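In case you want the letters, here they are:
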Amino acid sequence: MKRHPVNKSEKSFYPPFMVHLVFLMIGLGSCLATYAQAKSFHVYDPMQDPALVITGQAWPEEVAGFYDRLPARAEKKVRKPVWELSQNSAGLQIKFINDASDIIVKYQVSGPLNMPHMPSTGVSGVDLYATDEMGNWMWAGPKFSFGDTIVYRYTNLSPEKRTYTLYLPLYNSVRWMQISVPDNSLFIPLPADHAKPVVVYGTSITQGACATRPGMAWTNILSRHIDHPVINLGFSGNGRMEKELVDLLSEIDASLYIIDCLPNMTPDYLPVRELQNRIINTFRILRSKKPFTPILFTEHDGYSDGAINAVRKKLYADANNALDEVIDSLKKAGAVNLYLLKREAIGQNIESMVDGTHPNDFGMMNYANAYQKKLQEVFATAKYADTEIPSIVPLPRQIEWNSEFFDLMQCKGIAAEAGLGKEAAFLKEAFKKYGLNIPLVSNGSKNGKLIDIRLDNTVSLPSPEGYELNISKQKVLLTAKTTHGIFNGIQTLLQILSNDKKLLSCRITDWPAYSWRGYMIDVGRNYMPMNLLKQQIDAMARYKLNVFHFHSTEDIAWRFAISRYPQLTAAETMTRNKGKFYSEKEIKELISYCKEKHITFVPEIDMPGHSAAFKRAMGVDMQSDSGIVIVKNILQEICAKYDVPYIHIGADEVKIHNPGFVPEVTKWIESLGKRVIGWEPGGNFTSNTIRQLWMEDTGPKLSESHIQYIDSRHLYLNHMDPLEAVVTIFNREIGGKKEGDSLLLGGTLCTWNDRRVETPEDILRMNPVYPGIIAFAERTWGGGGTPGWISNESDGDIHDFKAFEKRMLNQKEKYFKRMPFPYQQTMQMHWNLYGPYDNGGDMKKKFEPESGTEYSNWKFYGRQLGGTIVLRHWWYPLIKGAIIDAKENSTVYALTHLWSDKEGVQDFWIGFNNLSRSPSTDSPPEGSWDYKESEVWVNGKIVAPPHWKHAGARGNSEVPLVDEGYEYRAPARIFLNKGWNTVLLKCPVASFKGKDWHNPVKWEFTFLSVGSGEF
C-alpha cells in the first residue's frame, strides 16, 4: 500500500503499549499556535495506524493511495477519468469514540478547492456527526479555513462520550489527514465496518454533487439512516455501466448492488440500444458472480426544468423507458432479486436541484429517503439473499452461476452411458455419505429430475481432463471427452453440494493448465501406513491432482518389497521404522486405489544415490558391476508386476563414479516399456529422460534443449513455514510458464520430512500437506501465477489470494475437521514495520519502539499483510523478503492493533523461526523464543516463550521435533482487552550465516489469532 508523507509541522505517533488509542501530549503546528496556548492536543493520523479504520473502501489492502476508492490494479483497466475520480474520497468515513470538548481536523488535498456550482465545504470539506449512547444522531458545526492546509475546528462540544463519524471530501483527493483532540481526552478509532455493504455505482449525483457538505451526500445520509456501510462508487460524468467497472463491482461481497448510471447514459451520450445492452450486460455479469445478491436499477431522476424544456424531458424519459423495458424482459425471463427505483419515488422537483441536474441538499434527502424506503422492500422480499456461493477448489476456468437449485432430494437417478459405470457408481457412493440414496438408472430414462453423465467427443476442450457441467432446476448434465474428465467434473459437482442437499445452478467449462499435477511423499525416511496414504490420495483426487509420486527407497530404509531380494526390506537393514515396508499386495492396492481416482502412480527407486540401505542389504555398491545386475533385476520385477507408466530413478545428490550407470539403467527401463524420470540437477541422463527440477540455479535451460520437465523448485513443504507455504505456492508460476506445453508437463509438490517423527500423523501436523495440496491444485489447474518467488502476501496477488483463502478455509471446514490442517485465516493481520536498526551485533539492544517514545520518532519502513512475515528468506536473494537488501546485525520491530469484541483469553500462533523438518536444526534455548533474542509484547506485557521440551538441544535427525513449530505446539494464551489491543514484536538478527548447512538463518515472525475473537 502506498504511504503518503506525514506533515512534518506536527508530531503524530502512537505509544507502543496502549490498551486504547490514547496519546502523549504534543503541541499543534504554527497555524494553531494561538489556540494551542490554551490547550494541548494529541494527534491521530489514520495513515500511521496498522489497523484498517476507513469505512467505505471495498479494496482497503489494495489501494495505491491511502484514501483511494479503487484498487491499484484498476488503473490499467478503467478509463483515465474514472481512475482519477476514484482518488476522490467520496463516501469514506472515519469513526471514533471521543469525549473531548474540542476536535480539530487538519488535512491537505490535491485538487481545486471548489467548483462553480459546488462550494468548498462540499468539494473539499469534511463533516462531523455523532451518536449518543441511545443512538441519536447529532451534527457538529465547525469553524473552517481553506488553504494549502485545510483546518476544521469543532469547539464547545459538551464533553460526553460519543461515537463520531467523520465524512471525508466528496470531490477531492486527501493527501494526509490528522485528527487532534485535547490532552487526557478519550480517543478510540473504531475498526472499519466489515458488514456486507450496500454498493452504489453511479454518476456525479452518487459521488455527491452538489451537496454543500459531505454528510449531505445521499449515500452518506443513507448510511446513517440504515446504520450500515455504503460504498460510494460514483464517478462524475463517468457512470456508464462499463464492463471494467462492473467486473470490479462483482468482486465485492455486497448485500445489495445499486446501479444509478442513467444520468450519464441518456440518448445524447449513447444510443438507446447500446444503453439496453449495457444494462443487460451489467445484470448478467453481476448475476453470474453473485446469483442472489439483490440488484436495484434506478431511473433517471429527471431535470428540474423538464416541464419547460421538452428536449431535456425527452432525454431522461427515453432512458427511463429503455431501462423499464429491460427490467420487464429480465423479470419475465425469470430474473430474481431484481428491482427498479422509479423517478417518481425519488420525488425531485423544481426546488430540489442546483443547476437543473444535480440535487441540492433537499434533493439529496429526497434520494436518501427514497432509497431507504426501497431498501426496506428489497430486504423484505429478496429470496436466498444470504446464500453463499459454493467454494470450489480448484476454481473452474469458466463459471456462471444462476439463481436456481437442483434439489437432490427430488432426483430420480443417475443416468450414465456405457463406459461410465465406475464413475456413476463412485458418484452414487459419494452421495450416500450425505444421506442421499440416488439410484443408477437407464441412460435412456426421461422420468423426472436426473443427473445425466455422458461422453462426448465433440466437446470443445483443450485437455482430455476437461469437462462441462450444466446444472439447471430440472437437470444436471455432465459431459467430457474421457472418463477422467467425467471424474473431474464429479469432484466439482460434489463441492457444489450444499448442506441442504441442493446444487446451485451453474454453467461450467473447465480444463487444467498443466497435464502433470503431482504430489510426492517420502516414505523411505519415515514409514506411513496405508490409511494415511489413502487419505492423501483422496485429497489429491478431490482437488484434481493426477500423479502420486511414491519415494520409497532411501539411505535410511528400502521400503519397496522385491520378492527376489527380501533382504532389502529386512528390519536389520533399516535404521528407522525397522521392518516397516510395503508388500507387493499393498503396492498393487495403492496403484489400484490411485487408478480408481484417475491418478498415476509413480514409484521412485532412488539410484545410485540415497542407496545406503541397498548397500547394507546387498553388500555391494549400486554402481559396481554386480550392483548394476541387481538393480536391473529389481527394475525388471517392478516393471513386470506393476502397471505403471513411469519409473523415477532419482539420481541426484550422488557422486557418479560409473558414468555408464545412469544411461545403462535408463536404456534397460525403456526396453521394459516404461519412461524414465530423474531429478535435475542429477545424473548424466539421456535426452529422453523427463527431468524433475529441484534447484533454481543449476541445470540446463530444458525448454531450449527439447527435454520434457516437471517443476518442483521451491515446492518442498518440509522447508516452508505453513502460512508462507500457501502464499508461495498460490503465487507460483509453474515452470516459468502460465500454462503447460509439450515440454513443460507441470509440477510436483513434495513432502520430504527427513527428520524422524514420533508418529506418522506428525508428517501431516508439522508440514502444511493439505493446505499445500489445495494451493498447489489451484495453481496447477488454473495456471497463471507470478514469475519468481513470493514469500509475503503483500508482494503477491492480494485480491485473488484473499478470495482463495476464503474458499480454502471453507474446504477446511467441510472436509478436514478431524485432520491436521496447519493453516488459519491470515489476511486480517496488518503490520507496520520499523527499522532496520543497526544493533552492532548486540541483539538485546533496545531502540525507540521499546522506549515509549512517539511513533513519529520510530523509523518507519513499510506495511505488510499476513500471519507470517518473512523479513529475509533463508534462500535470499532467490526469494524476496519484506526487508529489501537486508543487512546483518539488524533489528526490526513489527506493530499491529487488534480489535476484540470482548475481553478474555484467546489463542495465538507465535513464532520467530519455523524449523525446517529436514535439517538438524537446534531447538530454541530455554527462556527465549529463538537464538536471535526475539520478543513479543501485548498491551505492554511481555509474552513469555514456551517451556521447550528439548530446550537448547543440539539438532539431531533422529530426535523428533515436538513443540518447536507454532503449528504443532499448544497456542500461546493471551488476555485481550475489549476494544483495541497493541502487539509489538522485536525481531533482531546478527549474522545471516548459519552454524552449518543444517542451520540456515530464517529472519521472520508469525503472530496470528487462532481463537474465537473478532479481528
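The coordinates are above.
Procedures and definitions
- Residues numbered from 1 in each chain as written.
- Predicted model: local features only at pLDDT ≥ 70, side-chain atom pairs only at ≥ 80, totals over all residues.
- Heavy atoms only, no water.
- Helix = DSSP H or I, 4+ residues; strand = E, 2+ residues; numbered from the N terminus.
- Rg over C-alpha atoms; globule rule 2.2 N^0.38 Å.
- Buried < 20%, exposed > 50% of the residue type's maximum accessible area, 1.4 Å probe, protein only.
- Areas by Shrake-Rupley, 256 points an atom, 1.4 Å probe, with all protein chains shown as cover.
- Lys, Arg positive; Asp, Glu negative; His and termini not counted.
- Charge placed at Lys NZ, Arg CZ, Asp CG, Glu CD.
- Pairing = 2+ DSSP bridges.
- Phe/Tyr/Trp six-rings, centres within 6.5 Å; stacked < 30°, edge-to-face > 60°.
- Lys NZ or Arg CZ within 6 Å of the ring centre and 35° of its normal.
- Axes fitted to C-alpha atoms, helices over the stretch in contact; angles between N-to-C directions.
- Contact = heavy atoms within 4.5 Å.
- Expected span 1.5 Å × (residues − 1).
- Salt bridge = Lys/Arg side-chain N within 4 Å of Asp/Glu carboxyl O.
- Polar contact = N/O pair within 3.5 Å; in protein donor to acceptor, adjacent residues only side chain to side chain.
- Parallel < 35°, antiparallel > 145°, perpendicular 65-115°, else oblique.
- Left-handed = near helix turned anticlockwise from the far one by under 90°.
- Nonpolar A, V, L, I, M, F, W, Y, C, P; charged D, E, K, R; others polar.
- Arc of directions from axis to C-beta.
- Disulfide = S-S within 2.5 Å.
- Core = buried A, V, L, I, M, F, W, Y, C linked by side-chain atoms within 4.5 Å.

Q: Give a description of the overall build of the chain that names residues and reports values.
A: Along its length, the chain carries 23 helices and 41 strands. Taking 31 Å as the expected radius of gyration for a compact globule of 1015 residues, we find that the chain reaches 32 Å, a close match to that expectation. By its C-alpha atoms, the chain is 100 × 80 × 50 Å across when sized along the principal axes. The buried share of the chain, reckoned over its 1015 residues, is 60%. Of the roughly 37700 Å² of accessible surface on the chain, 50% is carried by carbon and sulfur atoms. If the 114 positive side-chain charges of the chain are averaged to one point and the 114 negative ones to another, these points end up 3 Å apart.

Q: Tell me about the pairing of strand β13 (residues 230–234), residues and numbers included.
A: Buried residues dominate β13, accounting for five of its five residues. On β13, burial covers both faces: Val-230, Asn-232 and Gly-234 on one face and Ile-231 and Leu-233 on the other are all buried. Sheet topology places strand β12 (residues 198–202) next to β13; five bridges connect them, and they run parallel. Across the sheet, Val-198 pairs through a bridge with Val-230, a residue of β13.

Q: Provide a residue-level description of the packing of aromatic side chains, including the pertinent values.
A: To describe a pair of aromatic rings, you give the distance between the ring centres and the angle between the ring planes. Scanning the model with the defined rule gives 47 aromatic pairs in all. Summarising the aromatic geometry, the rings of Tyr-837 and Phe-847 are spaced 4.8 Å apart at their centres and angled 15° between planes, so their arrangement reads as stacked. Highlighted residues: Tyr-837 in strand β32 (residues 830–838) and Phe-847 in the loop between β32 and α23 (848–851), separated in sequence by 10 residues. You'll find Tyr-837 and Phe-847 in the same group, each marked buried. Three or more aromatic residues joined by ring pairs form one cluster here, namely Tyr-527, Phe-548, Phe-550, Tyr-582 and Phe-601. Lying across the ring of Phe-405, Lys-502 places its NZ or CZ 5.6 Å from the centre.

Q: Quick rundown of the sheet that holds strand β41 (residues 1003–1009)? Include the residues and the values.
A: Overall, antiparallel pairing links the four strands, which are arranged β34-β41-β36-β39 in an open sheet. Of all strands in the sheet, those with a lone pairing partner are β34 (868–872) and β39 (972–976), marking the two edges. Neighbour-to-neighbour, the strand axes of this sheet turn through a mean angle of 25°, independent of strand direction. The pairing of β34 with β41 spans four bridges and is classified as antiparallel. Bridge pairing in β41 links Val-870 to Glu-1004. Helix α19 (residues 722–731) contacts β34, β36 (904–911) and β41 of the sheet and is inclined by roughly 80° relative to β34.

Q: How would you explain helix α21 (residues 769–782) if you had to name every residue and give the values?
A: Given a rise of 1.5 Å per residue, 14 residues ought to cover 20 Å, and the 20 Å separating the end C-alpha atoms of α21 matches this to within 8%. Counting buried residues along α21, 13 of its 14 residues qualify, which places the element largely inside the surrounding structure. A positive backbone phi angle near 75° is found at Gly-783, which sits one or two residues after α21.

Q: Run through the pattern of salt bridges, naming residues and quoting values.
A: This structure, assessed with the given rule, holds 46 salt bridges. Residue Arg-517 is joined to Glu-465 by a salt bridge in which the shortest nitrogen-to-oxygen separation is 2.5 Å. One end of the pair, Arg-517, is in strand β24 (residues 516–522); the other, Glu-465, is in the loop between β20 (449–455) and β21 (467–471), with 52 residues separating them in the sequence. Per residue, the accessibility class of Arg-517 equals that of Glu-465, and both read buried. Arg-691 is the partner of Glu-680 in a salt bridge, and the nearest nitrogen-oxygen pair spans 2.9 Å. With Glu-680 in strand β28 (residues 675–680) and Arg-691 in strand β29 (residues 690–693), this pair connects stretches of sequence that are 11 residues apart. Exposure class is identical for Glu-680 and Arg-691. Each is buried.

Q: So what's going on with the side chain of Gln-276? Residues and values would help.
A: Mapped onto the secondary structure, Gln-276 falls in helix α7 (residues 272–289). Gln-276 gets classed as buried once you look at its relative accessible area, which sits at 9%. Within polar-contact distance, the side chain of Gln-276 engages the backbone oxygen of Ala-322 at 3.1 Å. Ignoring any residue separated from it by four or fewer positions in sequence, one finds Gln-276 in contact with Ala-322, Glu-325 and Val-326.

Q: Could you give me a rundown of unusual backbone geometry, with the residues and numbers involved?
A: For residues besides glycine, phi is generally negative; the peptide bonds are generally trans as well. In this structure, Cys-210 follows Ala-209 across a cis peptide bond, with omega equal to 5°. Summarising the element assignment, Cys-210 is placed in the loop between α4 (204–207) and α5 (218–226). At the junction of Met-607 and Pro-608, the peptide bond is cis and its omega measures out at -5° in the coordinates. If you trace the backbone, Pro-608 turns up in the loop between β26 (600–604) and α15 (612–618). Positive phi, normally seen in glycine, also occurs at Met-241, with a value near 55°. Structurally, the position occupied by Met-241 is in the loop between β13 and α6 (243–250). When its relative accessible area of 4% is taken as the criterion, Met-241 is described as buried.

Q: So what's going on with the packing of helix α13 (residues 530–542) against helix α14 (residues 584–596)? Residues and values would help.
A: When two helices pack together, you describe them by how their axes are tilted relative to each other and by the distance separating the axes. The contact between α13 and α14 brings their axes to 11 Å, and the two run at 15°. In terms of orientation, α13 lies roughly parallel with respect to α14. Helix-helix and strand crossings are classified by hand; for α13 and α14 the assignment is right-handed. Contacts between α13 and α14 involve Met-530, Leu-533, Lys-534, Ile-537 and Asp-538 from the first element and Glu-586, Glu-589, Leu-590, Tyr-593 and Cys-594 from the second. Its residues placed into classes, the contact of α13 with α14 shows six nonpolar, no polar and four charged.

Q: So what about α14? Which residues, and what values?
A: Taking 1.5 Å per residue as the helical rise, α14 with its 13 residues ought to reach 18 Å, and the 18 Å between its terminal C-alpha atoms agrees with that figure. Among all positions of α14, only Ile-587, Leu-590, Ile-591, Tyr-593 and Cys-594 are buried. Here the buried residues of α14 occupy an arc of 160° about the axis, which is enough to place them on one side. In this structure, the buried residues of α14 make contact with α13, β25 (547–551) and β26.

Q: Before we move on, could you go through the sheet that holds strand β14 (residues 256–260) and cite the residues and values that matter?
A: Judged by pairing direction, the sheet is parallel, and its five strands sit side by side in the order β13-β12-β14-β15-β16 without closing on themselves. Edge strands, defined here as strands with exactly one partner in the open sheet, are β13 and β16 (338–341). Across the sheet, the mean angle from the axis of one strand to that of its neighbour is 20°, orientation sign disregarded. Bridge count between β14 and strand β15 (residues 295–298): three bridges; the pairing is parallel. Counted as the bridge partner of Ile-258 is Leu-296 from β15. On the sheet, α6 packs against β12, β13 and β14 and is oriented at approximately 175° with respect to β12. Across the sheet, helix α8 (residues 310–332) lies against β15 and β16, angled at about 155° from β16, the strand it touches most.

Q: How would you summarise the state of the cysteines if you had to cite specific residues and measurements?
A: With the rule as written, the count across this model stands at zero disulfides. Considering cysteine sulfurs only, Cys-261 is the nearest to Cys-210, which forms no disulfide, with 18 Å between them. Residue classification places Cys-210 among the buried positions, given a relative accessible area of 3%. In this model Cys-506 remains outside any disulfide bridge; the closest cysteine sulfur is found in Cys-411, 15 Å from its own.

Q: So, the nonpolar core: which residues are in play, and what are the values?
A: Ranked by size, the top nonpolar core spans 129 residues in total, and within it Phe-548 and Phe-1007 carry the most contacts. Contacts of Phe-548, omitting those with residues within four sequence positions, involve Tyr-519, Ile-521, Leu-533, Ile-537, Met-540, Cys-594, Ile-599, Thr-600, Phe-601 and Val-602. Core analysis: the next-biggest nonpolar cluster, separate from the first, contains 41 residues, Leu-85, Ile-252, Cys-261 and Ile-280 among them.

Q: Explain the environment of Asp-49 to me, using residue names and the numbers behind them.
A: In this fold, Asp-49 is placed in the loop between β1 (41–44) and β2 (54–55). The exposure class assigned to Asp-49 is buried, which follows from its relative accessible area of 0%. When the C-alpha atoms of Asp-49 and Leu-895 are compared, they prove to be 9.2 Å apart, with 846 residues separating the residues in sequence. In terms of polar contacts, Asp-49 uses its side chain to reach the side chain of His-897, at 2.8 Å.

Q: Residue-level account of the environment of Ala-335, with values.
A: For Ala-335, the location among the structural elements is in the loop between α8 and β16. With 321 residues separating them along the chain, Ala-335 and Ile-656 place their C-alpha atoms 69 Å apart. When near neighbours in sequence (up to four residues on either side) are disregarded, Ala-335 contacts Phe-283 and Leu-330.

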